[in-house]
Each structure stands twice: as structure tokens, then as C-alpha cells.
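Examining the three-dimensional arrangement
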Amino acid sequence: DTTAGGPILELHFEEATIADTNAIGQILFTGSDASDSADNIGAQIVARASGADWATADPHYCPTSLEFYTQNAHNDNNMGSPHMIIDENGNVGI
């Protein structure tokens, strides 16, 4: 509800056509310490278009899923597939 007032964080994706499975926004949680100068990704949230219906003129018909990624405590990349998904119908998959 944007009428409640107060600050809003908006991630805007501008593209000629938003297609099924396009990532339309991401939040990365990164960090580094004194022993490593690289920014290491610990977690990620991705908003992804779900379906080809984004091309409609209705601003409320934008099916989207949220994907949640976390990194484990091993040396392998555990960010290849999401650990939890909330689909466009609100169903949660773990």
C-alpha cells in the first residue's frame, strides 16, 4: 500500500519486453573481512517474472515469484538454485 506514507525502496527494471523468468530485481547481501578483499555473497533475494503476461497494460497484472538463496559453510557455491521460492500465487516451496 503506497498510500500509507513513509519511505519506499523501489528497484525498477526497464526493458522493452519483460519475459517469463526475467530477473526484475535482486538484493545481494555481501561482505568481506581483512583476510579477503573480495565481496563475498552470503545471501540473495531475486524477484523473477512468472509468465509472459507482463506485456499487458494492466499495472496490477505482473505475476512475480521471489527466490531466496543462502550460502552454506562449505567451499562449494551453494547459490546455484534457490532454497525457498514464493510463487506468483503465494505458494511457498522449500
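Each value, and the rule that gives it
Residues numbered from 1 in each chain as written. Predicted model: local features only at pLDDT ≥ 70, side-chain atom pairs only at ≥ 80, totals over all residues. Heavy atoms only, no water. Salt bridge = Lys/Arg side-chain N within 4 Å of Asp/Glu carboxyl O. Helix = DSSP H or I, 4+ residues; strand = E, 2+ residues; numbered from the N terminus. Buried < 20%, exposed > 50% of the residue type's maximum accessible area, 1.4 Å probe, protein only. Core = buried A, V, L, I, M, F, W, Y, C linked by side-chain atoms within 4.5 Å. Contact = heavy atoms within 4.5 Å.

A few words now on the pattern of salt bridges. Going through the model one piece at a time under the given rule, you end up with 1 salt bridge. Here Glu67 makes a salt bridge to Arg48, at a shortest N to O gap of 2.9 Å. With Glu67 in strand β3 (residues 64–70) and Arg48 in strand β2 (residues 40–49), this pair connects stretches of sequence that are 19 residues apart. Glu67 sits in the buried class, given a relative accessible area of 9%.

On to the nonpolar core, then. With 5 residues, the main nonpolar core is built from Ile18, Ile24, Ala47, Ala49 and Trp54. The contacts of Ile18, once residues within four sequence positions are left out, are Phe13, Ile24, Ala49 and Trp54.

This paragraph deals with the side chain of Ser65. One can find Ser65 in strand β3. Take Ser65: its relative accessible area is 7%, and that puts it in the buried class. Apart from the residues lying within four places of it in its own chain, the contact partners of Ser65 are Val46, Ala47, Arg48, Ser50, Ile85, Ile86, Asp87 and Glu88.

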